[in-house]
Each structure stands twice: as C-alpha cells, then as structure tokens.
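Read off the chains here:
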Amino acid sequence: MRWIDQLPELAATRLNPSVYQYFRRGASAERSVAEATAAWDRLRLRPHVLRNVSQVSTATTVLGTEVSTPILVSPSSLQIQCDPDGEAATAAGVGKAGSLMAVTSNTGVPFARIGETGTPWWVQAYLLRDRGRCRDMLQRAREAGARAVALTADVPVVGALPPTDIPDVWDVVPADNTMANWKVTDRDNHKPGAPARADDLSLDDIGWLHEVSGLPIVLKGVLRGDDARDAVSAGAAGIVVSNHGGRQLDGSVSSAYALPEIVDALAGTGAEVYVDGGIRRGEHAVSALALGARAVFIGRPVLYALTVEGEAGVRRLLVELTAELAHAMTLIGAAQIGDLTPDLVVTP
C-alpha cells in the first residue's frame, strides 16, 4: 500500500479525536467529500508514444516563483495540533521539496517564523465585515515574505456539519492554536462561524486587498467560468478551482469537473488557474495539469503527513507525489509540464 493511502489511519491514532474529525469530515451528507477523489479517478489518459522522455522535468513557475514541482500545499487551520511547530514545520518540509505553500490567516504560528524558513508562501485571507481590521494581519504577512494573497470566497457562512457525538474542535483546542497574527481585539470576531466573518464579499474586495497588501490576489473557491472571468476582470491574478474540500455546500460539483470550464473562460487573460480537492495520485496531477491547471494544491494529506512524521513527512509526501507525477509524464509522453495538453485527457 502507498504511504499516502495509509496516512489517514496513522494520523487518526495520533490526533485528538475532535481534531481528526475536523480535518476529515465534510458538510451535510458528505457527498462532495466522497466524490472528490473519485472524480479524478474517472478521468482517462490518452498517451503519446515515440516521444523523447529520456529527461523529464516537473519544474514550473507559480506567479513568477520558480518551483521544482507543481504540487503545492493548501492552507489549513490547526497545524499546530499536528506538530508543535505547526506551519513552520510544514514550510520547512515544503521548502526541501522545492514547493510552495499557502498559510491560513487563522494560523497559530507567527508569520515571521514561516518566513524565516525561506520557503515561498502565500497568505490565505478570510475577511471580516470590518475590512480595516484585516490590514494589520495582511501587513504582517507581507513583511514576513508572503508573495500573494489567496482570498477564500466560498465561506459567506460556515457549511452545515453532520451530527456527531465527538466534541466540537473549537471547544477542545487551546485559544493560542489560532489567530497568532491578529490584534487581540480582533481574534474573538474571527473564530469560525463568528458573526463578524464577512458575508458581504464582492468583486471590490479584490482591488481593496491588492491596494492594502501590495500583493497579487488569487481567488480561492471558484467553480464557475463566469465567476472566474469576473474576478480576473476585477484584478485577480489567479483562480483556485475548489469546493473547499467538500466542507461548504454539499453537492457542489467536483473541482475535476469544474476545471475545464474555468480554464476556457480565462483563456487569453494571462491569469493562472490552480485546482485542489481530492488529488491523491501523480496521475490525478497529470490530468489536472493537462486540463489547464498551472499547479495543484494538496490539503488533508499534508496534515496527516505532518502528524505522522513532522517536517520530514511533509517533504516525503510531496517528493513521492512528484515522483508519481514524473513517472506518469514519462508514460504519457510529456518531457515537461508545458507538454501536457487537454487532448491527453478523456473526461466522462
């Protein structure tokens, strides 16, 4: 069995049950969670033959940042529950794998510690209704070396969760596990589900974020081509095709199926397209890149790898997935990422 496939079970024995439940579960009936990986599995590949693949490179760029692999790390809360160093340990592993990570604005680790690793990173932003309260957090991120802001757009309210007898994670974890980079007066207003969380996001927030941070803005949580086009017209430099890991609107279309429409909608704009949700194999990454994604983001497996082997586990996960990607590229006849084109994939 592949190591990545063992990680959920291994991590479950090490994590607080409430934390593990928080990581793994989805919204409502959990249909979107269940369908995420299955959607990538349903895609089929049409390989070329007689192509020179004696040397295969997985190197690419992400908003101008050079990376050795297009397999990147999604923002996730409570990494400090996985490893005492939280995102700082994740960043160290990501850097050693030649990748890039996004860091949640809810992190319990100061941005400065993440920046000290030298690993390229983006800051993920949840906005408050009072936008001004976010300025300080964004400034700290920029000063610590964040290279972009990933605005999460699909959480006007928190998704409905299935019933459980396990205590809610926010009643279990210490307060200092989150919000390390916010002013003390803003922390209570920014807890998951708090009424001050912004439910009035608009296209204007893209321009506001760019003005305040001075960084490129990537919109995360997009499943429609028209929304992607509008966001880029409003100034977004990139789009993350995502249904939030199935944690928001249950029954949302899988990112594997939403990706081609968004790539088509943004053709010629210069905006970069990324995708997350259920990617667990090198063949999944090949399919996503061939369908037009610049890179893919991995979420839950990183949390489990961090729990099981810390910094080294994060590096191992990314290295092994990148090796699978390179192997699949070899078999499909692609010597570099730019050789991956939509005609290599058959969609249901």
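Our subject is the structure listed above.
Residues numbered from 1 in each chain as written. Predicted model: local features only at pLDDT ≥ 70, side-chain atom pairs only at ≥ 80, totals over all residues. Heavy atoms only, no water.

Caption draft 1: Just helix H6 (residues 135–143), in detail. What H6 keeps buried is the set Met137, Leu138 and Ala141. Down the axis of H6, the sector holding all buried residues measures 95°, keeping them to one side. Each element contacted by the buried residues of H6 is listed here: helix H5 (111–115), strand E6 (121–125), strand E7 (149–152) and helix H8 (204–213). Looking one or two residues past H6, Gly145 carries a phi angle of roughly 110°, positive in sign. (Buried < 20%, exposed > 50% of the residue type's maximum accessible area, 1.4 Å probe, protein only. Helix = DSSP H or I, 4+ residues; strand = E, 2+ residues; numbered from the N terminus. Arc of directions from axis to C-beta. Contact = heavy atoms within 4.5 Å.)

Caption draft 2: Up close: helix H11 (residues 282–290). For H11, the tally of buried residues reaches eight of nine residues, placing the bulk of the element in the interior. Among all positions of H11, only Gly282, His284, Ala285, Val286, Ser287, Ala288, Leu289 and Ala290 are buried. Gly292 sits one or two positions beyond H11 and adopts a positive phi of about 120°.

Caption draft 3: Molecular detail of the packing of aromatic side chains. One pass over the structure, following the stated rule, counts seven aromatic pairs. Centre to centre, the rings of Tyr22 and Phe23 are 6.0 Å apart; their planes meet at 50°, and the pair counts as tilted. Each of the two residues, Tyr22 as well as Phe23, counts as buried. Among the aromatic residues, ring-to-ring pairing joins Tyr22, Phe23 and Trp170 into one connected group. (Phe/Tyr/Trp six-rings, centres within 6.5 Å; stacked < 30°, edge-to-face > 60°.)

Caption draft 4: Highlighting the pairing of strand E9 (residues 238–241). Of the two faces of E9, the one carrying Gly238 and Val240 and the one carrying Ile239 and Val241 are both buried. Relative to E9, strand E8 (residues 217–222) runs parallel, the two sharing four bridges. Looking at the pairing, Leu219 lines up with Ile239 of E9. Chirality of the crossover, the property in question, places the unit of E8, helix H9 (residues 225–233) and E9 among those that are right-handed. Across four bridges, E9 lies against strand E10 (residues 272–276) in parallel orientation. The residue of E10 that forms the bridge with Gly238 is Glu272. The parallel pair E9 and E10, bridged by helix H10 (residues 255–265), forms a crossover whose chirality is right-handed. (Pairing = 2+ DSSP bridges. Right-handed = clockwise from strand over helix to strand, strands pointing away.)

Caption draft 5: Inspection of the packing of H11 against helix H12 (residues 300–332) at higher detail. Packing of H11 against H12 leaves a shortest axis separation of 7 Å and a crossing angle of 60°. Along this stretch, H11 crosses H12, giving a crossing that reads as right-handed. Residues Gly282, Glu283, Ala285, Val286 and Leu289 of H11 lie in contact with H12, whose contacting residues are Leu321, Glu324, Leu325, Ala328, Met329 and Ile332. Tallied by class, residues from the contact of H11 with H12 come to eight nonpolar, one polar and two charged. (Axes fitted to C-alpha atoms, helices over the stretch in contact; angles between N-to-C directions. Left-handed = near helix turned anticlockwise from the far one by under 90°. Nonpolar A, V, L, I, M, F, W, Y, C, P; charged D, E, K, R; others polar.)

Caption draft 6: The pairing of E7, seen in detail. The alternating pattern of E7 places Val149 and Leu151 on one face and Ala150 and Thr152 on the opposite face, and all of these are buried. Here E6 runs beside E7; their pairing, made up of three bridges, is parallel. Residue Gln124 lies in a different strand from E7, and its bridge partner there is Ala150. Tracing the backbone out of E6, into H6 and back to the parallel element E7 gives a crossover that is right-handed. Here E7 pairs with E8 via four bridges, running parallel. For Leu151, the partnering residue across the bridge sits in E8 and is Leu219.

Caption draft 7: Examining the nonpolar core more closely. Residues Phe23, Phe111, Trp121, Ile239, Leu259, Val275 and Leu340 are the most contacted members of the largest nonpolar core, which totals 97 residues. Looking at this core, the element that brings in the most residues is H12, giving 14 residues. If we skip the residues at most four places from it in the chain, Leu259 touches Trp40, Val241, Val273, Val275, Ala288, Leu291 and Ala293. Ala148, Val240, Tyr274 and Ala295 belong to the second largest nonpolar core, which has 13 residues in total. (Core = buried A, V, L, I, M, F, W, Y, C linked by side-chain atoms within 4.5 Å.)

It is worth stressing that arrangement in space is one thing and function is another; only the former is reported here.
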